[in-house]
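If you want the building blocks of each chain, they are given just below.
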Amino acid sequence: MIALDFPEINSILVWKDLFPSFNKIALIAVLAAVISITIFLLAVRQDHKEAPKGIRNFAEVIVEFIEDGVVMQTMGKDGLAWTPFLMTMFLFIYLCNVPGIIPFFQMPATARMAVPLFLALMVWVIYNVTGIKHQGIGGYLKSTLFPPGVPKALYILVTPIEFISAIIVRPFSLAVRLFANMMAGHILLVTFALLSEALFQAKDKILIPVGILPFFMLVFLTSFEVLVAFLQAYIFAMLTAVYIGGATHPEH
Amino acid sequence: MPTAIVTQSSGQIVHVRLVSSDTTDTTVAPEAVALAAESGTGAAETTAVVAAPNPIAPTPKEIFWSAGSFFVLLIVMRYYLFPKLKKGMVARYDDIRSDIEGADSVKAAAQTDVAGYEKQLAAVRVEAAGRIDAARQTVDAERNAQLAQVNARIASARADAEAKTSAARAAAQGQVAAAVAQVATKAATMASGRTPDASVVQAAVASAMESAGSR
């Protein structure tokens, strides 16, 4: 038998303060902002008249990705004003996700509920305020709670469902989707890393080669987490755009 | 000092939760509480306190730092970085678009020039073909005239030659007829002993030569 000493859940999710009120999650969040600002600062310093290359090309690719892949797909041309916000959100989430596979960090900031919850509540406030601003409070509630094309008798069922879905559940589903995906990935990586280590250091020599299996799984999951980090940031930005677009143009 | 919240079932301690004044929740194993109780000391005061915050619950400091970082990033991005980057992109796209439009207009002008050139070339070709036809007709007329002159000269030369030939032949025939008549006269003289009439001999020779010539 091998002795697999799995750490307590808190020891892989809850971090001690680096200095008062500033832990690893806060460090990752701050670094996400600093790295984003640095990339774009370096990008805007390059001559815009020349063909973009290097970091400017990278920054422009991000801008075009958000414009073409998120805004135009969900909100159309009218939504282009939201590009800076959605791009900030995408970059911030991605750079909070990615440290989960970076040595020494090995923790996505979004695997703690604070970051997803804050972002989801902010999105909730934004799309509700935007909807009220565009349609008025009556119009917004009408378009949200009484979807057109539904037989009037069914509003008894549909309206409460829409209220729960659009007003209450949305921010939590948004937060939990990101949080759960990143936390599950983090725990999986920890599990396979510990299993590999335990098998490689097993007293029974016959178990040592078996350690290759969880090790390969660890490598696969690490590369999978690269995809998940990007995908979750994209999904969050996309859903944000869908919610804001739905609040501003309910007919769509 | 922390406060202990003890959960009991059928008289057994199943869960103990310590709540301290700094709001940190601590879960302690029931066995540890039981041991502490047996030793006569208060459970809350004697058991080892292990920090066990809820792994899911968000903490205010994390919300504060993530919100602060996000808003700083959003403000810098919204009011400085994105507009500047986008302005550069739009300016470059406009340059490219105007370059493409300029290239299109230059291409259209070049196509117009090419069409004009081809039109002129067609006109020049038509004119050149007309001139070539005219030159060819002139050359043909001159050649025909010269050919006619040459043919006339040849015909004249041929007629002269034929006349000379006819004269030479007539002269030769006369000489041959005289020689034959002389030979025939001598032969007749030798054969008959008398000299034949010269006119008869000449007529006979002429007749023989004519019949020979007609054969």
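Re the overall build of chain A
And step 1. The number of helices and strands found in chain A is seven helices and zero strands.
And step 2. Counting from the amino terminus, chain A carries its helices and strands in the arrangement α-α-α-α-α-α-α.
And step 3. Relative to its full complement of 252 residues, chain A shows a buried share of 45%.
And step 4. Expressed as a percentage of contacts within chain A between residues at least 6 apart in sequence, the contacts between residues at least 24 apart total 68%.
And step 5. Total accessible area on chain A stands at roughly 12800 Å², and carbon and sulfur atoms take up 72% of it.

Description of the packing of helix α2 (residues 24-45) of chain A against helix α4 (residues 83-97) of chain A
Residue and element names in this part refer to chain A.
And step 1. Two elements in contact, α2 and α4, have axes separated by 9 Å at closest approach and are oriented at 125 degrees. By the angle between their directions, the pair α2 and α4 is classed as oblique. Of the two elements, α2 crosses α4, and the hand of that crossing is right-handed. Every residue of α4 that contacts α2 at I28, A29, A32, I35, S36 and F40 is listed here: M87, L91, F92, L95 and C96.
And step 2. Within the contact of α2 with α4, the residues separate by chemical class into 10 nonpolar, one polar and no charged.

Comments concerning the pattern of salt bridges
And step 1. One pass over the structure, following the stated rule, counts eight salt bridges over all chains.
And step 2. Residue E62(B) is joined to R112(A) by a salt bridge in which the shortest nitrogen-to-oxygen separation is 3.2 Å. Within this pair, whereas E62(B) is found in helix α3 (residues 60-192), its partner R112(A) is found in the loop between α4 and α5 (114-145), the two belonging to separate chains.
And step 3. The partner of D133(B) in a salt bridge is R136(B), and the shortest N-O contact between them spans 3.3 Å. Here D133(B) pairs with R136(B), and both are found in helix α3, just three residues apart, close to one helical turn.
And step 4. For R136(B), a relative accessible area of 47% translates into the label partly exposed.
And step 5. Linked through salt bridges whose partners overlap, the residues forming this network are R56(A), E60(A) and R92(B).

Some words on the interface of chain B and chain A
And step 1. Each partner contributes to the interface: chain B provides 34 residues, whereas chain A provides 46 residues.
And step 2. For the pair chain B and chain A, the two sides together bury roughly 3600 Å², of which 73% comes from carbon and sulfur.
And step 3. Summed over the shared surface of chain B and chain A, the number is three salt bridges.
And step 4. With a shortest N-O distance of 2.7 Å, E67(A) and K86(B) are connected by a salt bridge.
And step 5. At the boundary of chain B and chain A, one finds nine residue pairs in polar contact (both at pLDDT 80 or more).

What to know about the nonpolar core
Within soluble globular proteins, side chains that are nonpolar generally end up buried alongside one another.
And step 1. By size, the foremost hydrophobic cluster in this structure holds 69 residues, and its most contacted members are F40(A) and L119(A).
And step 2. Listed by contribution, the elements that provide at least two residues to this core are α1 (9-13), α2, α3 (54-74), α4, α5, α6 (155-200) and α7 (212-248) of chain A together with α3 of chain B.
And step 3. Other than its neighbours up to four places away in sequence, F40(A) contacts A59(A), I62(A), V63(A), M87(A), L91(A), M77(B), L81(B) and L85(B).

Looking at α5(A)
And step 1. For α5(A), with 32 residues, the first-to-last C-alpha span of 29 Å runs short of the 46 Å given by 1.5 Å per residue.
And step 2. Approximately 110 degrees is the largest bend angle found in α5(A), and it occurs at G136(A).

Focus: unusual backbone geometry
All names here are of chain A.
And step 1. Positive phi outside glycine occurs at S21, with the angle close to 65 degrees.
And step 2. Relative to the elements of secondary structure, S21 occurs in the loop between α1 and α2.
And step 3. Overall, S21 belongs to the partly exposed group, its relative accessible area being 42%.
And step 4. Positive phi outside glycine occurs at F104, with the angle close to 80 degrees.

Quick notes on the side chain of E67(A)
And step 1. If you trace the backbone, E67(A) turns up in helix α3.
And step 2. At 2.7 Å, the side chain of E67(A) forms a polar contact with the side chain of K86(B).
And step 3. For E67(A), the residues in contact, after removing those within four places along its chain, are M72(A), L80(A), T83(A), F82(B) and K86(B).

Points about the confidence of the model for chain B
Residues and elements named next belong to chain B.
And step 1. Across chain B, the average pLDDT comes to 80, with 74% of residues at 70 or higher.
And step 2. Model confidence for chain B, summarised as mean pLDDT per element, is weakest for helix α2 (residues 43-46) at 42 and strongest for α3 at 93.
And step 3. Taken as a whole, residues 19-33 scores under 50 in pLDDT and shows 33 contacts with residues more than four places along the chain or in a different chain.
And step 4. Here residues 35-49 is a poorly scored stretch, pLDDT under 50, and it has 17 contacts once near neighbours within four places are set aside; other chains count.

Things to note about the packing of aromatic side chains
The geometry of an aromatic ring pair is captured by the separation of the ring centres together with the interplanar angle, meaning the angle of the planes.
And step 1. Counted according to the given criterion, the structure contains 20 aromatic pairs over all chains.
And step 2. A centroid spacing of 5.7 Å and a plane angle of 85 degrees characterise the contact between F90(A) and F230(A), whose relative ring orientation is edge-to-face. With F90(A) in helix α4 and F230(A) in helix α7, this pair connects stretches of sequence that are 140 residues apart.
And step 3. Each residue in the set W82(A), F85(A), F92(A), F118(A), F70(B) and F71(B) is aromatic and connected to the rest through ring pairs, giving one cluster.
And step 4. A cation over an aromatic ring shows up here: R170(A) above the ring of Y127(A), its NZ or CZ 5.3 Å from the ring centre.
And step 5. Above the plane of the ring of Y79(B) lies R78(B), whose end atom (NZ or CZ) is 5.1 Å from the centre.

Rules of the game
Residues numbered from 1 in each chain as written. Chains lettered and ligands numbered in written order. Predicted model: local features only at pLDDT ≥ 70, side-chain atom pairs only at ≥ 80, totals over all residues. Heavy atoms only, no water. Helix = DSSP H or I, 4+ residues; strand = E, 2+ residues; numbered from the N terminus. Buried < 20%, exposed > 50% of the residue type's maximum accessible area, 1.4 Å probe, protein only. Contact = heavy atoms within 4.5 Å. Areas by Shrake-Rupley, 256 points an atom, 1.4 Å probe, with all protein chains shown as cover. Axes fitted to C-alpha atoms, helices over the stretch in contact; angles between N-to-C directions. Parallel < 35°, antiparallel > 145°, perpendicular 65-115°, else oblique. Left-handed = near helix turned anticlockwise from the far one by under 90°. Nonpolar A, V, L, I, M, F, W, Y, C, P; charged D, E, K, R; others polar. Salt bridge = Lys/Arg side-chain N within 4 Å of Asp/Glu carboxyl O. Buried area = accessible area lost by both parts, 1.4 Å probe. Polar contact = N/O pair within 3.5 Å; in protein donor to acceptor, adjacent residues only side chain to side chain. Core = buried A, V, L, I, M, F, W, Y, C linked by side-chain atoms within 4.5 Å. Expected span 1.5 Å × (residues − 1). Bend = angle between axes of the 7 residues up to and from the residue. pLDDT = per-residue confidence, 0-100. Phe/Tyr/Trp six-rings, centres within 6.5 Å; stacked < 30°, edge-to-face > 60°. Lys NZ or Arg CZ within 6 Å of the ring centre and 35° of its normal.

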